[in-house]
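Structural characterization, general
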There are 2 protein chains.
Amino acid sequence: MDSAWKESYACWLQYKEIDDASLVERYASYGQRVAVGGVSPVLQSAANECVRGMTSMIGVEPTVSDRITRDATLIIGTKDQVSLEDYGIRTNPFPHLPDDGYVIQTANVGGGVLLLLGKTDRGALYAVHHLLRLMQLRKPVDELAIAEGSRNNVRMINHWDNMDGSVERGYAGQSIFFENGKFADNLERLEDYARLLSSVGINAISVNNVNVGKVETRLITEDWLPEVARVADLFRAYGIQIFLSINYASPVEIGGLSTADPLDPAVREWWSERVANIYRFIPDFGGFLVKADSEHRPGPFTYGRNHAEGANMLGEALRPFGGLVIWRCFVYDCQQDWRDRSTDRARAAYDHFKPLDGAFLDNVILQVKNGPMDFQVREPVSPLFGAMPQTNQVIELQITQEYTGQQKDLCYLVPQWKEILDFDTYARGKGSTVKSVVDGSLFNYAHSGMAAVSNVGRDLNWTGHTLAQANLYGYGRLAWNPEMRIEDVTDEWVRLTFGHDSSVVEQISKMLRESWRIYENYTAPLGVGWMVNPGHHYGPNVDGYEYSVWGTYHFADRDGVGVDRTVQTGTGFTAQYFSPNAEMYESLETCPDELLLFFHHVPYTHRLKSGETVIQHIYNTHFEGVEQVQALREGWRKLKGKIDALRFHNVEERLEAQLANAREWRDQINTYFYRKSGIPDEKNRTIYK
Amino acid sequence: MDSAWKESYACWLQYKEIDDASLVERYASYGQRVAVGGVSPVLQSAANECVRGMTSMIGVEPTVSDRITRDATLIIGTKDQVSLEDYGIRTNPFPHLPDDGYVIQTANVGGGVLLLLGKTDRGALYAVHHLLRLMQLRKPVDELAIAEGSRNNVRMINHWDNMDGSVERGYAGQSIFFENGKFADNLERLEDYARLLSSVGINAISVNNVNVGKVETRLITEDWLPEVARVADLFRAYGIQIFLSINYASPVEIGGLSTADPLDPAVREWWSERVANIYRFIPDFGGFLVKADSEHRPGPFTYGRNHAEGANMLGEALRPFGGLVIWRCFVYDCQQDWRDRSTDRARAAYDHFKPLDGAFLDNVILQVKNGPMDFQVREPVSPLFGAMPQTNQVIELQITQEYTGQQKDLCYLVPQWKEILDFDTYARGKGSTVKSVVDGSLFNYAHSGMAAVSNVGRDLNWTGHTLAQANLYGYGRLAWNPEMRIEDVTDEWVRLTFGHDSSVVEQISKMLRESWRIYENYTAPLGVGWMVNPGHHYGPNVDGYEYSVWGTYHFADRDGVGVDRTVQTGTGFTAQYFSPNAEMYESLETCPDELLLFFHHVPYTHRLKSGETVIQHIYNTHFEGVEQVQALREGWRKLKGKIDALRFHNVEERLEAQLANAREWRDQINTYFYRKSGIPDEKNRTIYK
């Protein structure tokens, strides 16, 4: 790698040399002699990262001992390797921590010693990253007493990577896992990826696209398992379990069977053998991620079986080994007739899965997209959250910006994700938030947590748009701790990534925090979604999906726009929510403005709670959105010289592209609705006829 | 080939055994002893075709002599090989015939002899095909006295075939010329294609796509010239000259020069050498077909040169060898801003080329698309016809049905082409028809005629839709003789292709003759065009091109629709026509209904000459169009058992697809305009909201 790319490539693990001498002195006092409590791969990774970060930041390389010595200044280990009492610590926090939890404690022994102890070795690695983060943030470490764990036991990344090297919905170059029908050779790249993921607590990864092609179907066979195992070994050392996406028709396509019926004994036997074989190669294999009976993918429906029967068959095969089935709920009719106003894609996941609550095995997890449609810039929360008390769930988010600017446009998704996680489903009365569903606490799920589609590719800065690194970071941080405040995640990331110049920190933090709303302003209005170019999904096309088979309509006519999903006069989707959400969405008076057109069809002259009419809101937000992008660009330009040239130009170039995109959105949306409504802009700005 | 495909593959050269004994007897009397006046490849082809057809139709194989004998019953030769006077024919028609002309004459010598004499050997081949056609049509031949020639000296087919085997805008399978980056091996297929083309008088063919890719750029080099020559040899034997589409940037891309500037001496030298080399391989090479400065193709604009400078440079290189430059006029701004209402793509060809009239060399021909846009189902005639008295022109038609149903939908284009050819440009007063421009008679062009994009691919029936064979046939017949009546071309083709059962002939002829209007009925209304899915161009998408860069808009709003191209209030395009056409199109009162929205933006309530409002016309034609397709299907089903099963099912299947397509068009168009206008259907039929 060209050294000019160093900062771009390092993401938030910059480990820049610290120039505050007194701080360096304090850090250095702990960085003299590192002792590691064992030789497991994960502890090795922890020690290596510790040495790497310390050396880089304080300029001195610690000595490392593989056993815990009296004179150690920093100890990396597990709770079983070190007695807290030996260091004068009387209360033991470990019983209250989850398995991945850790303790960071400064002890007044000798000249002072820093304990970085995991409940398991994975926790020790997280503790190291926590310490290095504190150091990158220039925090004092002399009086640390941290005990931390994650509420989510699944913190997963999904790759939609194909073995030909392409990435479905990838906007940062080709796959880092695959190239030309094979596994990629660059293991260093994968290891750096594992470092990045482990630094924010990711503990699971699926490496191939949920749309499993012919070649990828064979990943579960001896053809590829040695290679999969090599990748699994690499990620295991960073506490990350490997999952594979599977083709539900595998028994037929590669097994030589005449059916893939999940109730057929031969099929069950075939999968059991397959799974046993996988575990011979990968003893801690995570399990399968499954897209079945969705968008033309095969599944149990072919054989008259339901999703529970389909998933449980795989669950049984995996259970003896502790493996999981992650079964996606993105199931809907993708051959809908646009003339059919009664079918509502938004209803589909709930209608399919809710009746099966309790029918799934304990090692099956349903993976539910955050909204009922598909990663739009604005959707309500999926009504499936809270609706299945007896079925494990993870939420699926999309880090890759398919519908949110494709890493050309800036769209920082942490605010969106926070809003989703904080949403109160009222499933068990007030306080039944989505985060309490997916962390398993509301219903005592055996397995639950968060998954998200990676935004990473082979671009040297990983994510195409440098600032899109913040989405990967933010996802990891929220998956670890959904309670983190937006401001804190953002401030952390900017400082780690760009350092501590206050003008840089303030400017970039502001840009990030505002960017989602800005993107929403210049794209599809008021929650209606889908006004994008079909296929690639970038740029405006108001009617692009209006007469399609995908169930994605806005129903704009000369009088009004929006989808009536009420019980009273529409598709009845609002009834899938618990009270009082159901009533809130049902009523035009209480439905939030930003979701108005998702739930209601209203005249252009309908007055929002903001006081604006719908049509004037469309005009206003679209003019404002472009102005806001201009302001983003101006703001960024002020940073010239304050950050390295490559990252500066990378973002500057993308802000130019974003501005062009925003202008195109503004003009197409405004013209479209002006032509339809005939209502002029109150402020008489330019709307092309 | 499976013999079940025999009829599908044979197209109009079925040569079915004749069961009328008295007719067979008469034909057989001429089919006893065939004498050929020479051994040129074309005369050989003529003799072979004659033997093939005769043998097949009358069941007896003629003997063939390669010199003209006293006892010959049928003589194939040229005017120089046979003295008409020897056969008692006193008036010599040859001086009045063009080079490709021929004479067919029954002479009362011996038991009767049929003379098939060309002015050149190509004419002799055409005479053989003429005779075989008469026999297939069961016509008497005892008193023939035909002297015929074509007014068009260029009768060309363009292939948009790529060397990877794909065909741009091809709907009948892969290329018959190329596969996997090479020339295809199946020469028999090419020879049968040459037979088909020569049977309708085609005398020129360009074999590679006008969008010339990296591989195809090298077709003019020694890498590929031996292969090109092999194809040229094959087509030469059928009187067809080979042309190549060239990449204007060749001097840079394969010549190692730093420029392709047409005024640069090194560039001129390079092309001259290239051309000389081509003629070493192909002594009668036709010349170059050039798409330059069009849709991102390179051209002289890059170097600040105009089209005349660009074309003449190639013309000079080709002139010593008698080669031609065919320079396409499909030049427009394909990066237009939809907001810009003053730029009008329809104006582009005229604006670019009209000022250059007289500036082109004599061996340069401008190839002008029939309409100012791009092969829409309905457009006005291009105003360039008649506008360039000092510049050779050929008209470009599109046999392949890019915008007219893609050989899924039936759309017989002969009626459209006739309308175009018969259009009076008034360039030199009344009677200045398009056909008189392109046949060269109006302005005494040195070279002119017709070209059309082939609809042929590797499908065993050549054209995907069996009835689309009629478009290839009809194009050839009209190129030979633009005066042929639609009814006659159609009747000929149906009888040649399907035989003489009167119910079959009547039904298919009717279907063909009505099909263009039917297709127009259910697609974009009143000449406005472009309401198709972008990219592949099949199926409805009313706003698909509305906000695009392609200059293809309809400007529908809640009040009205159409493009104002008047001088008074619009883009001024109407002024490109001669009087009185200019005034006819300019005035809302005289503009023909079917082109109303091409020239005018009118309210939905505007009343057409038919008495209907525009909106009611839209509804009526779209409901009617679907009913008409249903009638096509019913009509076709009546033919079950009367034609071979494969062709029957091929068409039946496509009529089903057409019906689905027509319904989709009807509903999307009606709903779109209902949503915009709010005006209900007077007849209260189903329009989805």
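Keep in mind it's a predicted model, so treat the numbers as computed, not measured.

About the cut-offs
- Residues numbered from 1 in each chain as written.
- Chains lettered and ligands numbered in written order.
- Predicted model: local features only at pLDDT ≥ 70, side-chain atom pairs only at ≥ 80, totals over all residues.
- Heavy atoms only, no water.
- Helix = DSSP H or I, 4+ residues; strand = E, 2+ residues; numbered from the N terminus.
- Rg over C-alpha atoms; globule rule 2.2 N^0.38 Å.
- Buried < 20%, exposed > 50% of the residue type's maximum accessible area, 1.4 Å probe, protein only.
- Contact = heavy atoms within 4.5 Å.
- Areas by Shrake-Rupley, 256 points an atom, 1.4 Å probe, with all protein chains shown as cover.
- Pairing = 2+ DSSP bridges.
- Axes fitted to C-alpha atoms, helices over the stretch in contact; angles between N-to-C directions.
- Buried area = accessible area lost by both parts, 1.4 Å probe.
- Salt bridge = Lys/Arg side-chain N within 4 Å of Asp/Glu carboxyl O.
- Polar contact = N/O pair within 3.5 Å; in protein donor to acceptor, adjacent residues only side chain to side chain.
- Nonpolar A, V, L, I, M, F, W, Y, C, P; charged D, E, K, R; others polar.
- Phe/Tyr/Trp six-rings, centres within 6.5 Å; stacked < 30°, edge-to-face > 60°.
- Expected span 1.5 Å × (residues − 1).
- UniProt positions renumbered as here; feature names shortened; annotations may be inferred.
- Least-squares fit on C-alpha atoms with pLDDT ≥ 70 in both.

Tallying secondary structure elements over chain A gives 20 helices and 18 strands in all. For chain A, whose C-alpha radius of gyration is 26 Å, the value lies close to the compact-globule estimate of 26 Å for 689 residues. C-alpha extents for chain A along the principal axes are approximately 80 × 65 × 50 Å. Burial status across chain A gives 65% buried among its 689 residues. Partitioning the intrachain contacts of chain A with sequence separation of at least 6 by distance along the chain shows that 71% fall at a separation of at least 24. Element-wise, carbon and sulfur atoms account for 48% of the exposed surface of chain A, whose accessible area totals about 23,700 Å².

Residues and elements named next belong to chain A. Strand order in the open sheet made by the six strands is β2-β1-β3-β5-β4-β6, with mixed pairing throughout. Looking at the sheet topology across the chains shown, the edges are occupied by β2 (63–65) and β6 (145–148). Ignoring strand direction, the axes of neighbouring strands in this sheet form an average angle of 15°.

On the chain A side, the residues contacting the 23 residues of chain B number 23 residues. For the chain B and chain A pair, buried surface summed over both sides reaches about 2,200 Å², with 46% attributable to carbon and sulfur atoms. Here chain B and chain A share six salt bridges between them. Between Asp667 of chain A and Arg339 of chain B there is a salt bridge, with its nearest N and O atoms 2.5 Å apart. Here chain B and chain A share 19 residue pairs in polar contact (both at pLDDT 80 or more) between them. The class makeup of the residues in the side of chain B that touches chain A is six nonpolar, four polar and 13 charged.

To continue, consider the pairing of strand β1 (residues 33–36) of chain B. Residue and element names in this part refer to chain B. Of the pairings in the sheet, the one linking β1 to strand β2 (residues 63–65) comprises three bridges and is parallel in character. Across the sheet, residue Arg33 finds its bridge partner in β2, namely Thr63. When β1 meets strand β3 (residues 74–78), the two strands line up parallel, connected through three bridges. Counterpart to Ala35 in the pairing with β3 is Ile75.

This part is about the packing of aromatic side chains. As enumerated under the stated definition, the model contains 76 aromatic pairs over all chains in all. The interplanar angle of 80° and the centroid separation of 6.1 Å between the aromatic rings of Trp417 of chain A and Tyr475 of chain A together place this pair among those described as edge-to-face. Of this pair, Trp417 of chain A sits in helix α12 (residues 414–422) while Tyr475 of chain A is found in helix α14 (residues 469–480), placing the two residues 58 residues apart along the sequence. Its relative accessible area of 0% is what places Tyr475 of chain A among the buried residues. Residues Phe285 of chain B and Phe288 of chain B carry aromatic rings whose centres are separated by 5.8 Å and whose planes lie at 70° to one another, so their mutual orientation is edge-to-face.

Residue and element names in this part refer to chain A. Here the amide bond leading from Ser579 into Pro580 is cis, since omega sits at 5°, within 30 degrees of zero. Phi is positive for Asn684, close to 60°, though the residue is something other than glycine. For Asn684, the location among the structural elements is in the segment after α20 (645–677).

Moving on: the environment of Val60 of chain A. Residues and elements named next belong to chain A. Along the chain, the position of Val60 falls in the loop between α3 (41–58) and β2. You can call Val60 partly exposed: its relative accessible area is 46%. Here the alpha-carbon distance between Val60 and Glu85, two residues 25 residues apart in the chain, equals 30 Å. Contact partners of Val60, with chain neighbours within four places excluded, come to Met54 and Thr55.

With that settled, consider helix α7 (residues 225–236) of chain B. Residues and elements named next belong to chain B. The end-to-end C-alpha distance of α7 is 15 Å, a good match for the 16 Å that 12 residues give at a rise of 1.5 Å each. Taken together, the buried positions of α7 are Leu225, Val228, Ala229, Val231, Ala232, Leu234 and Phe235. Where α7 is buried, its residues touch β9 (182–183), α5 (187–199), β10 (204–206), β11 (241–246) and α9 (265–281).

Within a sheet, neighbouring strands are paired by backbone hydrogen bonds and run either parallel or antiparallel to one another. Residues and elements named next belong to chain A. Reading around the circumference, β7-β10-β11-β12-β13-β14-β15-β16 is the order of the eight strands in this closed barrel, with parallel pairing throughout. Across the sheet, the mean angle from the axis of one strand to that of its neighbour is 25°, orientation sign disregarded. The pairing of strand β11 (residues 241–246) with strand β12 (residues 287–290) spans four bridges and is classified as parallel. Of the residues in β12, the one forming a bridge with Ile246 is Val290. Most of the contacts of α14 go to strand β7 (residues 154–158), to which it runs at about 155°, and overall it touches β7, β15 (393–398) and β16 (449–453).

A few words now on the UniProt feature "domain: Alpha glucuronidase N-terminal" (unreviewed entry) in chain A. The residues that UniProt annotates with the feature "domain: Alpha glucuronidase N-terminal" (unreviewed entry) are residues 11–131 of chain A. A helix fraction of 32% and a strand fraction of 20% characterise residues 11–131 of chain A, whose end C-alpha atoms lie 17 Å from each other.

With that out of the way, let us pick up the side chain of Asn471 of chain B. All names here are of chain B. As for its position among the elements, Asn471 is in helix α14 (residues 469–480). Assessed through its relative accessible area of 1%, Asn471 is described here as buried. A distance of 3.5 Å separates a polar atom in the side chain of Asn471 from a polar atom in the side chain of Gln401. Contacts of Asn471, omitting those with residues within four sequence positions, involve Ile399, Gln401, Cys411, Tyr412, Leu413, Val414, Trp417 and Asn455.

Let us look at the pairing of strand β7 (residues 154–158) of chain B. All names here are of chain B. Counting buried residues along β7, five of its five residues qualify, which places the element largely inside the surrounding structure. Burial of the side chains of β7 extends over both faces: Val154, Met156 and Asn158 are buried on one face and Arg155 and Ile157 on the other. Inspection of the sheet shows β7 paired to strand β16 (residues 449–453) by five bridges, in the parallel sense. Residue Met156 lies in a different strand from β16, and its bridge partner there is Ala451. Bridge analysis of β7 against β10 gives three bridges, and the strand direction is parallel. Paired with Asn158 across the two strands is Ser206, which belongs to β10.

Attention now goes to the relation of the copies chain B and chain A. For the match of chain B to chain A, the screw axis carries a shift of 0.1 Å, the RMSD comes to 0.0 Å, and the turn is 180°. Both chain copies can therefore be described as sitting about a two-fold axis. Interface overlap between copies is the fraction of interface residues in one copy that are interface residues in the other; for chain B against chain A it reaches 100%, indicating a shared surface.

Right, let's get into the side chain of Lys369 of chain A. Residues and elements named next belong to chain A. Inspection of the secondary structure puts Lys369 in strand β14 (residues 364–369). In this structure Lys369 comes out as buried when scored by relative accessible area, which is 6%. Of the polar contacts made by the side chain of Lys369, one reaches the side chain of Asp374; its length is 2.6 Å. Beyond its immediate stretch of four places on either side in the chain, Lys369 contacts Arg328, Phe330, Asp374, Phe375, Ser382, Phe385 and Glu396.

Let us now look at the UniProt feature "domain: Glycosyl hydrolase family 67 C-terminal" (unreviewed entry) in chain A. Mapped onto this structure's residue numbering, the UniProt feature "domain: Glycosyl hydrolase family 67 C-terminal" (unreviewed entry) falls at residues 463–685 of chain A. A helix fraction of 51% and a strand fraction of 2% characterise residues 463–685 of chain A, whose end C-alpha atoms lie 37 Å from each other.

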